[in-house]
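Now for the letters of each chain:
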Amino acid sequence: MLTKRIIPCLDVDNGRVVKGINFINLVDAGDPVESAAQYYQLGADELVFLDITASSSNRNITLDMVKSVAKQIFIPFTVGGGIRTLDDIYKILDAGADKISLNSAAVNDPDLIYQAANKFGSQCVVVAIDAKRNNEADNWEVFVNGGRINKHIDVIDWANEVENLGAGEILLTSMDCDGSKNGYDIELTKKVSENAGIPIIASGGAGRKNHFLDVLERGKADAVLAASVFHFNEISIQELKKYLRENNIPVVLRD
Amino acid sequence: MIAVVDYGAGNIGSVKNALDNLSQESVVTSDADIIKRANKIILPGVGAFGDAARKLSALGLDRVIVDSCRGETPLLGICLGLQLMFECSEESADTTGLGVFKGQVKRIPDERHSLKIPHIGWNSLSLAQYDGIFKDVNDGAYVYFVHSFYAEPEDASIISAYTDYGAKIPIAFSYKHIHLTQFHPEKSGETGLRILENFVNI
């Protein structure tokens with residue numbers, strides 16, 4: 001049966017991984033290819049690279065990184081961060097990425113999702129959604145520009161729209177939980193997952209193994225993304241997967 | 001020389017990268033002559049059936065592939081490449097496939113909306129054939145899928161593997177020198193590389 005995916009996220013700045021992994025006797029993990037290779041060895045099912053390079057004039061460095069990763073990593077990887085045009089998408093896919101992730105650009109111009117899905121196929125279009133709870137309205141609202149601007153769009157409405165436009169998957173980040181290490185936003189994830197016919201990757205809040213179990217089980221996520229818990233080896237992917245399997249969540253355990 | 005057919009349908013670089021990793025010489029090409037002369041052919045593909053079929057036809061490569069299948073050149077079709085080998089697809093009612101195999105490409109049934117479509121992620125192989133491209137591959141090994149449609153052949157004896165997604169669906173076929181996988185061996189880690197290597201060694 002289809003397994004749930006564990007997806008580490010690496011922030012990349014000017015072609016280098018920003019948060020390192022600290023293992024004894026291993027090479028400094030500032031190099032994306034090495035980091036990717038290590039994550040594959042450690043049991044990652046897919047990878048996400050988030051390009052946080054400030055200046056768009058340094059995008060060629062990112063493309064070089066994508067080309068290098070694609071030559072050595074044989075699991076799927078997604079590249080996101082500042083992608084705005086079809087040409088941006090073409091270049092990243094052509095360099096070897098399997099999927100691209102659209103966030104602010106999609107909210108500002110939803111037609112971009114449609115165009116991208118049409119031209120390149122839904123299977124490579126991930127739409128990333130940053131959502132924050134609005135307690136008065138009892139819903140969650142979509143934010144853009146790195147969580148700085150509230151678009152006052154209901155996350156469920158937006159999720160439905162991106163699916164209709166041709167997105168293959170949704171990467172859903174809870175702004176309330178992100179960085180807290182107190183768990184994912186179970187209610188948000190469950191609501192979006194139940195309303196969407198496409199897979200949901202949950203993001204934001206991972207701190208302990210049971211957080212992953214919760215969001216996959218009660219939150220009905222199809223995959224989970226996490227960054228710092230993996231970067232700083234607070235949780236080992238293999239142990240996480242064994243724990244999930246013990247709790248009846250289907251996962252791929254390579255020897 | 002292995003020819004990886006380039007017909008403008010998706011990320012063919014991954015297949016070449018995997019072959020490079022296996023130290024196998026390959027050329028990514030849309031040149032009919034090069035494809036005709038190749039020792040082996042790989043037909044990759046992502047995207048939509050109708051669009052891909054039209055592109056193949058516009059390049060004249062539909063004839064080349066059909067002729068090659070009548071000969072003895074081993075061919076590996078991946079994902080959309082597998083689907084194109086059949087007669088037609090529910091995805092694009094107005095386009096025909098290559099018709100190398102009789103059968104239809106159908107939408108994965110989504111159990112009254114309880115199943116997510118596309119089928120994305122690592123799912124296990126339930127092998128029906130243990131040799132050919134599945135030599136030394138464990139029954140139950142995981143490979144990577146991303147698709148919304150699957151092929152239903154008229155002749156079930158060509159099915160070499162199934163997977164379980166809602167229902168048991170056929171996701172690999174082998175007939176003489178033609179091998180087809182719905183999953184992406186170039187994205188399926190070690191297991192995928194072994195499958196690719198098996199094809200290369202045929």
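Residues numbered from 1 in each chain as written. Chains lettered and ligands numbered in written order. Predicted model: local features only at pLDDT ≥ 70, side-chain atom pairs only at ≥ 80, totals over all residues. Heavy atoms only, no water.

This next bit is on the overall build of chain B. Of regular secondary structure, chain B possesses six helices and 13 strands. For chain B, whose C-alpha radius of gyration is 15 Å, the value lies close to the compact-globule estimate of 17 Å for 202 residues. Seen through its C-alpha atoms, chain B measures out along the principal axes to roughly 45 × 40 × 30 Å. Residues classed as buried in chain B amount to 58% of the 202 residues present. (Helix = DSSP H or I, 4+ residues; strand = E, 2+ residues; numbered from the N terminus. Rg over C-alpha atoms; globule rule 2.2 N^0.38 Å. Buried < 20%, exposed > 50% of the residue type's maximum accessible area, 1.4 Å probe, protein only.)

Checked against the element boundaries, Ser14 of chain B lands in helix α1 (residues 13-21). Since its relative accessible area comes to 4%, Ser14 of chain B is described here as buried. When neighbours within four sequence positions are excluded, Ser14 of chain B is seen to be in contact with Gly96 and Asp98 of chain A together with Glu186 and Lys187 of chain B. (Contact = heavy atoms within 4.5 Å.)

On to the layout of surface pockets. All names here are of chain A. Each pocket or cavity is described by its volume, and for the second largest pocket that value is around 1,100 Å³. Ranked by residues supplied to the lining of the second largest pocket, first place goes to strand β3 (residues 47-51) with three residues. For the lining of the second largest pocket, the per-class residue count stands at 16 nonpolar, 15 polar and eight charged. (1 Å grid on protein atoms, 1.4 Å probe; cavity = no way out; pocket = protein on both sides within 12 Å on 5 of 7 lines; lining within 4 Å. Points joined across faces, edges and corners; volume = space filled by probe spheres on them. Nonpolar A, V, L, I, M, F, W, Y, C, P; charged D, E, K, R; others polar.)

Turning our attention to unusual backbone geometry. In the segment running from Ile117 of chain B into Pro118 of chain B, the intervening peptide bond is cis, with an omega of 5°. Its location among the elements puts Pro118 of chain B in the loop between β6 (103-107) and β7 (119-124). With phi around 60°, Lys220 of chain A is a residue other than glycine that occupies positive phi space. Tracing the sequence through the fold places Lys220 of chain A in the loop between α8 (209-217) and β11 (223-226).

All right, on to empty space enclosed by the protein then. Residues and elements named next belong to chain B. In total, this model carries one cavity of 30 Å³ or more according to the counting rule given. Here the largest cavity defines a volume of roughly 40 Å³. Lining of the largest cavity is provided by Ala9, Gly10, Asn11, Ile12, Val15, Pro44, Gly45, Val46, Ile78, His184 and Glu186. Among the residues forming the lining of the largest cavity, the class breakdown is six nonpolar, four polar and one charged.

What follows deals with the interface of chain B and chain A. Chain B puts 28 residues into the contact, and the matching count from chain A is 33 residues. Both sides of the chain B and chain A interface together cover about 2,400 Å² of buried area, and 55% of this is carbon and sulfur. Three residues stand out in chain B for area buried against chain A, namely Lys116, Trp122 and Lys187 of chain B, and they jointly supply 31% of the buried area on that side. The tally of links between chain B and chain A comes to two salt bridges. With a shortest N-O distance of 3.9 Å, Lys116 of chain B and Asp222 of chain A are connected by a salt bridge. Scanning the region where chain B abuts chain A turns up 16 residue pairs in polar contact (both at pLDDT 80 or more). Contributing elements (two or more residues each) for the side of chain B that touches chain A: α1, β7, β9 (142-147), β11 (159-165) and α6 (189-200) of chain B. (Buried area = accessible area lost by both parts, 1.4 Å probe. Salt bridge = Lys/Arg side-chain N within 4 Å of Asp/Glu carboxyl O. Polar contact = N/O pair within 3.5 Å; in protein donor to acceptor, adjacent residues only side chain to side chain.)

Another point: the environment of Asp94 of chain A. Residue and element names in this part refer to chain A. Structurally, Asp94 can be placed in helix α3 (residues 86-95). Relative accessible area serves as the criterion here: at 53%, Asp94 is assigned to the exposed category. Residues Asp94 and Val66, spaced 28 residues apart in sequence, show a C-alpha to C-alpha distance of 9.4 Å.

Next up on the list: the nonpolar core. General note: in soluble globular proteins, nonpolar side chains tend to be found buried as a group. Counting 83 residues, the largest nonpolar core has Leu47, Phe49, Ile113, Val155, Phe212, Phe230 and Leu244 of chain A as its most contacted members. Of the residues forming this core, the biggest block, six residues, is contributed by helix α6 (residues 155-165) of chain A. With residues near it in sequence (within four places) discarded, Leu244 of chain A still touches Ile6, Phe212, Leu213, Leu216, Ile249 and Val251 of chain A. With 36 residues, the next largest nonpolar core counts Phe134, Tyr150, Tyr165 and Ile171 of chain B among its residues. (Core = buried A, V, L, I, M, F, W, Y, C linked by side-chain atoms within 4.5 Å.)

Attention shifts here to helix α2 (residues 59-72) of chain A. Residue and element names in this part refer to chain A. With 14 residues, α2 should cover 20 Å at 1.5 Å per step; its first-to-last C-alpha distance of 21 Å lies within 8% of that length. Listed in full, the buried residues belonging to α2 are Thr62, Leu63, Met65, Val66, Val69 and Ala70. Viewed end-on, α2 has its buried residues packed into an arc of 160°, placing them on one side of the element. Facing away from the buried side of α2 by over 90 degrees, the exposed positions are Asn60, Lys71 and Gln72. (Expected span 1.5 Å × (residues − 1). Arc of directions from axis to C-beta.)

All names here are of chain A. Locating Val155 in the fold gives a position in helix α6. Exposure remark for Val155: the relative accessible area of 0% places this residue in the buried category. Sequence-distant contacts of Val155, defined by excluding residues within four places in its chain, comprise Ile129, Ala131, Trp140, Val142, Leu172, Leu188 and Val192.

Residue and element names in this part refer to chain A. Together, Val18, Leu50 and Ile52 line one region of the surface with nonpolar side chains, adding up to about 230 Å² of accessible area. Among the secondary structure elements, Ile52 is positioned in the loop between β3 and α2. By relative accessible area, Ile52 is classed as partly exposed at 40%. (Patch = residues over 30% accessible without salt bridge, like charges linked within 9 Å, V, L, I, M, F, W, Y side chains within 5 Å. Areas by Shrake-Rupley, 256 points an atom, 1.4 Å probe, with all protein chains shown as cover.)

Let us now look at the pairing of β3 of chain A. All names here are of chain A. Most of β3 is tucked away, with four of its five residues classed as buried. The sheet contact formed by strand β1 (residues 5-13) and β3 spans four bridges and is parallel. Bridged to Leu10 within β3 is Phe49. Here four bridges tie β3 to strand β4 (residues 77-80), and the two strands are oriented parallel to one another. When the bridges of β4 are listed, Leu50 appears paired with Gly80. (Pairing = 2+ DSSP bridges.)

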